[in-house]
Protein chains: 2
Amino acid sequence: MTPAYVHGYDPRENERLQDQAGTLVELLHGDTQYPAGSRVLEAGCGVGAQTVTLAQRSPGAHFTSVDISAASVAEARRRLQAAGLHNVAVQQGDIFHLPFEAASFDHVFVCFVLEHLAQPARALALLKRLLKPGGTLTVIEGDHGSTCFHPASAAAQAAVQCQVTLQQRAGGNALIGRQLYPLLVQAGFDSVRVLPRMVYVDGSRPQLVDGFTRKTFTAMIEGVRGAAVAAGLSSAQAFDAGVRDLHRTAEPDGVFCYTFFKGVAHQGAPR
Amino acid sequence: MTPAYVHGYDPRENERLQDQAGTLVELLHGDTQYPAGSRVLEAGCGVGAQTVTLAQRSPGAHFTSVDISAASVAEARRRLQAAGLHNVAVQQGDIFHLPFEAASFDHVFVCFVLEHLAQPARALALLKRLLKPGGTLTVIEGDHGSTCFHPASAAAQAAVQCQVTLQQRAGGNALIGRQLYPLLVQAGFDSVRVLPRMVYVDGSRPQLVDGFTRKTFTAMIEGVRGAAVAAGLSSAQAFDAGVRDLHRTAEPDGVFCYTFFKGVAHQGAPR
């Protein structure tokens, strides 16, 4: 996996993830709360963008947040400290070789991680082992193929496709959101329930126009311009035209839709 | 407009619309209710698939349901009678030349109609004239560009695109759902609010697998096979491969997503 396509490694990317987390907190995490005393593993915490939200919403739960990148772990610790949160232990670790015994956790949380893995089903099966009977795994992933915008634009779609192709070449899958249900079933989970969370943005929602259409989605696509051109997936001119058309959807008469998928699955019968 | 692409003209199409209405009633209409005594215009009622639901949910409201097709009007009357509903007057009429005075109605309802019109904004402006000050217009439309399924399939996407192209050639727009917000604003409505209604179907929802993925969406695409092949948009073989791949998404490990858009807008300030 090329570091360029792992989120959270540069300041601009960090800013984007923060914008995303800030704008989408309610939509994505509003219904995730863990009981006091429960032990929760966050697998792939990155720079802690979701960790702060998780820990604030479940102040009595004890979180263990793991990321493969030492730099991300350091940044996540800094953020948790800045937020005055003391219910999270952050440590470096590989999701495929976690140093925990079977049935160590009541719950597992995975957000924007499977999209980067060549073996997402294997990761889920390994995480399932770490759950106590009746425990839950919550997973949230986007799906770039769910984008739907007005005015429609073939150039914009081609620019989005560059990101999909680059992520695929890096061993990931930017279209993984729609696959959560079969992946969770395949990994052996019970009572799998997946619900889509669509971000719908039109001129009546200026906060989302700025926070999501511009600063989250379009910024992410703009971020792969260099890589897309270098890989020969697009000319600079064609890519820039696509990005212009994405910005066009943020005008007062534009519309932008993107769907995240959130799954909750159980290890054995639900408690 | 070619009658072949106007819904509701043949028995199989009628069955499809009934399946659609039966499966999606809560999702699409669960939040539409009109007060007792209010006068409601349903513009483009077709064979009455939505009319029965509307009239049942607002038993004290007085509906006037209009359709351009005499055959559809007759079928809608038959259905209302069979359902024992007496709060609907059905009459034949053209949405662009309705025989009503300005400010005749408290509310207007439009469902799966704008997608067939070459001038949807003009239709909305004309309907707005018929509303009393403070009255609402509710509009529901699909958007075939919102489809998102697993396993992904270029052949299936191409078959869907045939339907989009045929509808466009007939003067309509199968991608109109995403445009409701700008269309309503352009027509001069106030307090425009659009909310997407995604139908998400996976193996845990067998009723939707059968009622929506198979009998609504895939059946609709299958229905244009002859026209698509005759128009040279696809070979029969390629089209059939696409339809097979759509059916594949209805297998236990498949996923299918489609988004309807529902808008509610006001004539002047909301009451």
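Details of the structure are given in the entry above.
Residues numbered from 1 in each chain as written. Chains lettered and ligands numbered in written order. Predicted model: local features only at pLDDT ≥ 70, side-chain atom pairs only at ≥ 80, totals over all residues. Heavy atoms only, no water.

**Student:** Explain the pattern of salt bridges to me, please; I cannot follow it from the model alone.
**Tutor:** Side chains carrying opposite charge are able to pair once their charged atoms draw close together. Residues and elements named next belong to chain A. Across all of its chains, the model carries 24 salt bridges over all chains by this definition. Where Lys-262 meets Asp-31, a salt bridge forms, and the shortest distance between an N and an O atom there is 2.7 Å. Here Asp-31 lies in the loop between helix 1 (11-29) and strand 1 (39-43) and Lys-262 lies in strand 7 (residues 255-266), a separation of 231 residues in the sequence. Classification of Lys-262 as buried rests on a relative accessible area of 4%. Residue class for Asp-31 comes out exposed when judged on its relative accessible area of 51%. (Salt bridge = Lys/Arg side-chain N within 4 Å of Asp/Glu carboxyl O. Helix = DSSP H or I, 4+ residues; strand = E, 2+ residues; numbered from the N terminus. Buried < 20%, exposed > 50% of the residue type's maximum accessible area, 1.4 Å probe, protein only.)

**Student:** Looking at this structure, I do not really get the interface of chain A and chain B. What am I missing?
**Tutor:** Often the size quoted for an interface is simply the accessible area lost on bringing the parts together. With 28 residues of chain A at the interface, the matching set in chain B holds 28 residues. Applying the counting criterion to the chain A and chain B interface returns 0 salt bridges. The tally of links between chain A and chain B comes to 6 residue pairs in polar contact (both at pLDDT 80 or more). Within the residue set of the side of chain A that touches chain B, elements represented by two or more residues are strand 5 (131-150), helix 6 (180-186), strand 6 (190-202) and strand 7 of chain A. It is strand 6 of chain A that contributes the most residues to the side of chain A that touches chain B, 8 residues altogether. Its residues assigned to classes, the side of chain A that touches chain B shows 15 nonpolar, 7 polar and 6 charged. (Contact = heavy atoms within 4.5 Å. Polar contact = N/O pair within 3.5 Å; in protein donor to acceptor, adjacent residues only side chain to side chain. Nonpolar A, V, L, I, M, F, W, Y, C, P; charged D, E, K, R; others polar.)

**Student:** I tried to follow the pairing of strand 4 (residues 105-111) of chain B on my own but got confused; where do I start?
**Tutor:** The two faces of a sheet get side chains in turn, since along a regular strand they alternate between them. Residues and elements named next belong to chain B. The element strand 4 is extensively covered by neighbouring structure, given that 7 of its 7 residues are classed as buried. Both strand 1 (residues 39-43) and strand 4 contribute to a ladder of 3 bridges, which runs parallel. Each bridged residue has a counterpart across the sheet, and for Glu-42 the counterpart in strand 4 is Phe-109. By the bridge criterion, 6 bridges tie strand 4 to strand 5 (residues 131-150) in an arrangement that is parallel. What sits directly across from Val-108, in strand 5, is Leu-137. In the classification by handedness, the crossover that spans strand 4, the intervening helix 4 (residues 120-129) and the parallel strand 5 is right-handed. (Pairing = 2+ DSSP bridges. Right-handed = clockwise from strand over helix to strand, strands pointing away.)

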